[in-house]
Amino acid sequence: PAAPTPGSASGLIESIDRSIWQARPDLSYIPDPLRVAAGEIGFVREVVLHPKFGSVPQVTDLLAQIRELYARHNIAGRRVVRELVMGPESPAFSIVFLARNPEDFYADYAKTQSMLGADMRSLVTRVRRLCREVSFDNYLNRSDLGYFPSN
């Protein structure tokens, strides 16, 4: 256990992850106008894909096809993609969806899946087959615990 008043951060830090994530705007989908403005974001769903050895090019191609499908159907929600280019879990892709709250996310998700239908299900199935692991994390914005200076 850490001392009540540690003399340095080393008493508090268990490990440090040294990773570099690179934005992939070519694989992301950002509609105009945005469905949820930055100040309204209260919920984040992150999907992390860990491609099998040698399958990054195929996963990249499928993510580009998913982006095109979103654009073709003029989907209202953002889909932000980043690629882990250096780190203990590389290669990996992070796909982030932003919403006002969990209810907003799941309602929009159902609407999007309904619009994209079998085409989307087929692409997702193909991506999953190329991955050794797929993880899902949900995050809630806790602005009550943050500090935002007035300047």
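Details of the structure are given in the entry above.
Only a predicted model underlies this, so the values are computations on that prediction, with no experimental measurement involved. (Residues numbered from 1 in each chain as written. Predicted model: local features only at pLDDT ≥ 70, side-chain atom pairs only at ≥ 80, totals over all residues. Heavy atoms only, no water.)

Participant: Could you clarify how one ought to interpret the pattern of salt bridges in this entry?
Facilitator: Pairing is possible between side chains of opposite charge, provided their charged atoms come close. Scanning the model with the defined rule gives seven salt bridges in all. Of the charged contacts, one joins aspartate 26 and arginine 24 as a salt bridge, the two residues approaching to 2.7 Å between their closest N and O atoms. One salt bridge in this structure joins aspartate 104 and arginine 100, with 3.6 Å as the shortest N-O distance. Residue classification places arginine 100 among the partly exposed residues on the basis of a relative accessible area of 35%. Among the ionic contacts, a cluster of salt bridges with common partners joins Arg35, Glu40, Arg100, Asp104 and Asp108. (Salt bridge = Lys/Arg side-chain N within 4 Å of Asp/Glu carboxyl O. Buried < 20%, exposed > 50% of the residue type's maximum accessible area, 1.4 Å probe, protein only.)

Participant: Teacher, can you tell me more about empty space enclosed by the protein here?
Facilitator: Empty space among the atoms becomes visible once a probe the size of a water molecule is rolled across them. Applying the stated rule across the entire model yields one cavity of 30 Å³ or more. In this structure, the largest cavity occupies an estimated 110 Å³ of space. Arg35, Tyr70, Ile75, Gly77, Arg78, Phe97, Leu98, Phe105, Asp108, Tyr109, Thr112 and Gln113 are the residues that line the largest cavity. Only strand E4 (92-99) and helix H2 (102-129) provide two or more residues apiece to the lining of the largest cavity. With five residues, H2 is the largest single contributor of residues to the lining of the largest cavity. Its residues placed into classes, the lining of the largest cavity shows six nonpolar, three polar and three charged. (1 Å grid on protein atoms, 1.4 Å probe; cavity = no way out; pocket = protein on both sides within 12 Å on 5 of 7 lines; lining within 4 Å. Points joined across faces, edges and corners; volume = space filled by probe spheres on them. Helix = DSSP H or I, 4+ residues; strand = E, 2+ residues; numbered from the N terminus. Nonpolar A, V, L, I, M, F, W, Y, C, P; charged D, E, K, R; others polar.)

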